[in-house]
Every structure is written in C-alpha cells, then in structure tokens.
Amino acid sequence: MPPSKRNKVLVVGMDGLRFDRLQAVGAPVLDALMSTGAYGTSKLPYGEPGTPRTESPGEVVPKSSEPDGRVIASRTDSGPGWSSIATGVWPDKHGVVDNSFTNPHFTKFPDFLSRAKAARPDLATAAFFSWTALHEYGAFGPAIDHRLVLDGYAMGWAAADAQVAEAAERHLAGPGPDAAFVYLGDTDEVAHALDPHRPEYTAALLAQDAYLGRLLDAVRGRAAYPDEKWTVLVTTDHGHVDEGGHGGTSDEERTVFVIANRLGEDLGGRALAAPRLVDVAPTALDLLGIEADPGWDLDGTSLFINC
C-alpha cells in the first residue's frame, strides 16, 4: 500500500470583503474554489450600535445569538475578526473587542499555527501580513517558524499586499510550509476610503483574487505536490455598510464567509451550513491531524465534520 499523502493547509484572509460583492464581481479564482469546493456565510454574533459612518446601525444582535446564550460585546472590527479566525474563540474569550487590542488573551487562546507547532513540532508554519497589529499584539505568536510583516499604512495597502503575495508565493514554492496564513488588506482600506460598490473596490478584490491564484499555482507547482494533500481556506473578518465602514450591527457588517477547497478534489460547490470565523482554526488543526483538546475551550468546530 502506498504511503498516505501529507496534509497541508493554506488559510488566506481578505479583509473587509463583502460576499455579495464577491458574487457580483465574479472573481475567477475564488469562483473556481467555490465551484469545486464548499462554502457558506454566517453572521457575526456581535456588533456595537452607533458606530461611525453609519446613521442607521441596523439590527441589534439578540442576546441568544450564540447557542449557549452568551452576550458578546464587541465591534465588528478587524481586531476581533482576525483574532477569532486565528484562535477559534469569540471576543469574550480572546479579549480583543476592537482594533486597540487592549486586553488580549493570546497566551490562553493561541493561534492555530502556534497550536499546530506545539502539538506537532515537525510541522513547518508560516504567516504573512500587511497589517502589523496581527504581529505586534500577538494574534499570531512567536512560535511560528517563518513570517513576513509589512506596514500597509506606511507603504500603501496595494503595494504591501503585492509584496506579501510575492513573498508567500516564493515560500509556498519552496520546501515549506505545512500550514500557512496569508493576510491581504486592500479591500478593507478601499471600502473605508470610498465604498464597497465603487470600481476601485472591484479592482482591489480582483487584484487579491489574482494573488490567490498565484499562491495556488505555487502550491500546485511544488516538487513534492504529488505526495501532498492541500486544503485552502479563504475567509474575511467582517463586511461593510454600503457607505463604507464597519463596527456596527447591520447584516452588511456582520455577514462573513468561509470557502474551503481540497485541491485536486471536487466537492461540487457544496453548501457549508453557516460556517463561522471560529471554525477556521479547528478546521485547519483537524486537517493537520490534530484533535482539539476540550481543555482548549474552543468555540469552533471543524467544518469537514459536517461537510
């Protein structure tokens, strides 16, 4: 019997990407991942009314938004969103409720790359960011083997994303990694500066889609690819109101998505039942053969249990 293929995971985050705009634009790489993979949307179980740039804050999140009745006080911002993606728990646990990262609990709730490294020291991990906060405040911890951190504010987000994608592409084409996270931020910044219905937002989305295509080409071109089994997860941290902006409780701000694709397999565009941001981390760990410890107190579960 031939040896089993080595499981590997690539998580790509696109900040502030509205799923309805993604569907309307027709981004070819993301569309292809959806058509041969599995995907779905859900609503964040938090948001703060009365936020800037939105006169009508929309629906108030009900107190029973989580099955256990928890009330989660947090803005629909990037800090809480990416921290939830990284750790597999909601803001009331990881402690990040806005972009200030005032009281994070990343020692108790580390990111999935750090958990993977702790559980399996043989795994090679990597992370690439154009938002420095994810590094500075420890959302992705020091145990990660390889990382690139660029400052999108200083460089310009389009330029920073281009360099992040180029570095991640080179790294994915080499010997490592087994698990990687790549963050792209220009969609969020364009939505803030203009709005998510402008041609500039479409251009930013299509640029990030092209970067994703290059990352996938790098994976498929690896010398060891025939002996590997790659899964790609693509997600976002929050949406935007039509005028641009987030933090509140409207459906446009709270709607997020997860796309899952096992490269080389055809899942037929299968629907995922309300995949949540907190499901990304345990899904990645599950694919790497790491069973979630009940003591980790994760809020998410592996998407492939019900896929």
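As a reminder, the structure under discussion sits directly above these lines.
Residues numbered from 1 in each chain as written. Predicted model: local features only at pLDDT ≥ 70, side-chain atom pairs only at ≥ 80, totals over all residues. Heavy atoms only, no water.

## Describing the nonpolar core
As a rule of thumb, nonpolar side chains are buried together in soluble globular proteins. Formally: For our purposes a nonpolar core is just a set of buried Ala, Val, Leu, Ile, Met, Phe, Trp, Tyr and Cys residues, chained together by side-chain atoms within 4.5 Å. Burial classes: relative accessible area under 20% of the type maximum marks a residue as buried, over 50% as exposed, and values in between as partly exposed (1.4 Å probe, protein chains only). Put simply, DSSP marks the helices as runs of H or I at least four residues long and the strands as runs of E at least two long, and each gets a number from the N terminus on. Here, residues are in contact when the closest pair of their heavy atoms is within 4.5 Å.
Ranked by internal contacts, the top residues of the largest apolar core, which has 50 residues, are Phe112, Leu113, Trp131, Leu134, Phe140, Phe181 and Tyr183. A total of five residues in this core trace back to one element, the largest contributor, which is helix H12 (residues 280–287). Dropping the residues within four chain positions of it, Leu134 is found in contact with Trp82, Phe129, Ala139, Phe140, Phe181 and Tyr183. Within the second largest apolar cluster, 40 residues are counted, among which are Ala167, Ala168, Ala180 and Tyr201.

## Comments concerning the side chain of His238
Keep this limit in mind: A 3.5 Å cut-off defines polar contacts: any pair of N or O atoms within that distance qualifies, except that in protein one atom must be a possible hydrogen donor and the other a possible acceptor, and neighbouring residues in sequence count only when both atoms are side-chain atoms.
Counting through the fold element by element, His238 comes out in the loop between strand S6 (228–235) and helix H11 (251–254). You can call His238 buried: its relative accessible area is 0%. At a separation of 3.4 Å, a polar atom in the side chain of His238 contacts the side chain of Asp15. Side-chain polar atoms of His238 contact the side chain of Ser78, separated by 3.1 Å. When near neighbours in sequence (up to four residues on either side) are disregarded, His238 contacts Asp15, Gly16, Leu17, Leu44, Thr76, Asp77, Ser78, Asp188, His246, Glu253, Thr255 and Val256.

## Points about helix H2 (residues 28–36)
What counts here: Picture the helix axis, draw a direction to every C-beta atom, and the arc is the one those directions span.
Of all the residues in H2, the buried ones are Val29, Leu30, Leu33 and Met34. The buried residues of H2 occupy one face: seen down the axis, they fall within an arc of 135 degrees. Residues of H2 that are buried make contact with strand S1 (6–14), helix H1 (19–25), strand S2 (38–43), helix H10 (199–220), S6 and strand S7 (255–262).

## Some thoughts on the environment of Ala193
Structurally, the position occupied by Ala193 is in helix H9 (residues 186–193). What makes Ala193 exposed here is its relative accessible area of 60%. Considering only alpha carbons, one finds Ala193 and Tyr137, 56 residues apart in sequence, at a separation of 25 Å.

## Some words on the sheet that holds strand S8 (residues 270–271)
The following threshold applies: Paired strands, in this sense, are two strands between which DSSP finds at least two bridges.
Pairing within the open sheet is mixed, and its eight strands lie in the order S4-S3-S5-S1-S6-S7-S2-S8. A strand with exactly one partner marks an edge of an open sheet, and here the two such strands are strand S4 (146–149) and S8. As defined by bridge partners, strand S3 (residues 125–129) adjoins S4 across four bridges and the pair is classed as parallel. Each residue of the ladder has a partner; that of Ala126, found in S4, is His146.

## Observations concerning the packing of helix H5 (residues 112–119) against H12
As a reminder of what qualifies: Only the contacting stretch of a helix is used when fitting its axis, a line to C-alpha atoms as for every element, and angles between N-to-C directions run 0 to 180 degrees. Just so you know how the angles are binned, under 35 degrees is roughly parallel, over 145 roughly antiparallel, 65 to 115 roughly perpendicular, and the rest oblique. For a crossing to be left-handed, the near helix must be turned anticlockwise from the far one by less than a right angle; the clockwise case is right-handed. Polar here means any residue other than Ala, Val, Leu, Ile, Met, Phe, Trp, Tyr, Cys and Pro, which are nonpolar, and Asp, Glu, Lys and Arg, which are charged; Gly is therefore polar.
Between H5 and H12, the shortest axis-to-axis distance is 9 Å and the interhelical angle comes to 30 degrees. On the basis of the axis angle, H5 is roughly parallel to H12. Classified by chirality, the crossing of H12 by H5 is right-handed. Residues Phe112, Arg115 and Ala116 of H5 form the contact with H12, whose participating residues are Ala281, Ala284 and Leu285. Of the residues contributing to the contact of H5 with H12, the split by class is five nonpolar, no polar and one charged.

## Comments concerning the packing of aromatic side chains
Put simply, the rule is: Any two of the Phe, Tyr and Trp rings considered here, Trp counted by its six-membered ring, make a pair once their centres fall within 6.5 Å; the pair's planes then place it as stacked at under 30 degrees, edge-to-face at over 60, or tilted in between.
Within the structure shown, the criterion is met by 13 aromatic pairs. A centroid spacing of 6.2 Å and a plane angle of 40 degrees characterise the contact between Phe19 and Tyr39, whose relative ring orientation is tilted. Here Phe19 is found in helix H1, whereas its partner Tyr39 is found in strand S2, with 20 residues between them in sequence. On the accessibility criterion, Phe19 (9% relative accessible area) is buried. Taking relative accessible area as the criterion, Tyr39 reaches 26% and is therefore assigned partly exposed. A centroid spacing of 6.1 Å and a plane angle of 50 degrees characterise the contact between Phe129 and Phe181, whose relative ring orientation is tilted. You can see Phe129 sitting in strand S3 and its partner Phe181 sitting in strand S5 (residues 179–184), a full 52 residues away along the chain.

## Side note on the side chain of Lys93
Here Lys93 lies in helix H4 (residues 91–94). Here Asp297 takes part through its backbone oxygen, which lies 2.9 Å from a polar atom of the side chain of Lys93. Residues contacting Lys93, with those up to four places away along its chain left out, are Arg70, His105, Phe109, Asp297, Leu298 and Asp299.

## Points about helix H3 (residues 78–87)
With respect to burial, H3 is a largely interior element, ten of its ten residues being buried. All buried positions along H3 are accounted for by Ser78, Gly79, Pro80, Gly81, Trp82, Ser83, Ser84, Ile85, Ala86 and Thr87. Taken from the residues just after H3, Gly88 is the one with a positive phi, measuring 85 degrees.

Coordinates in, geometry out; function isn't part of it.
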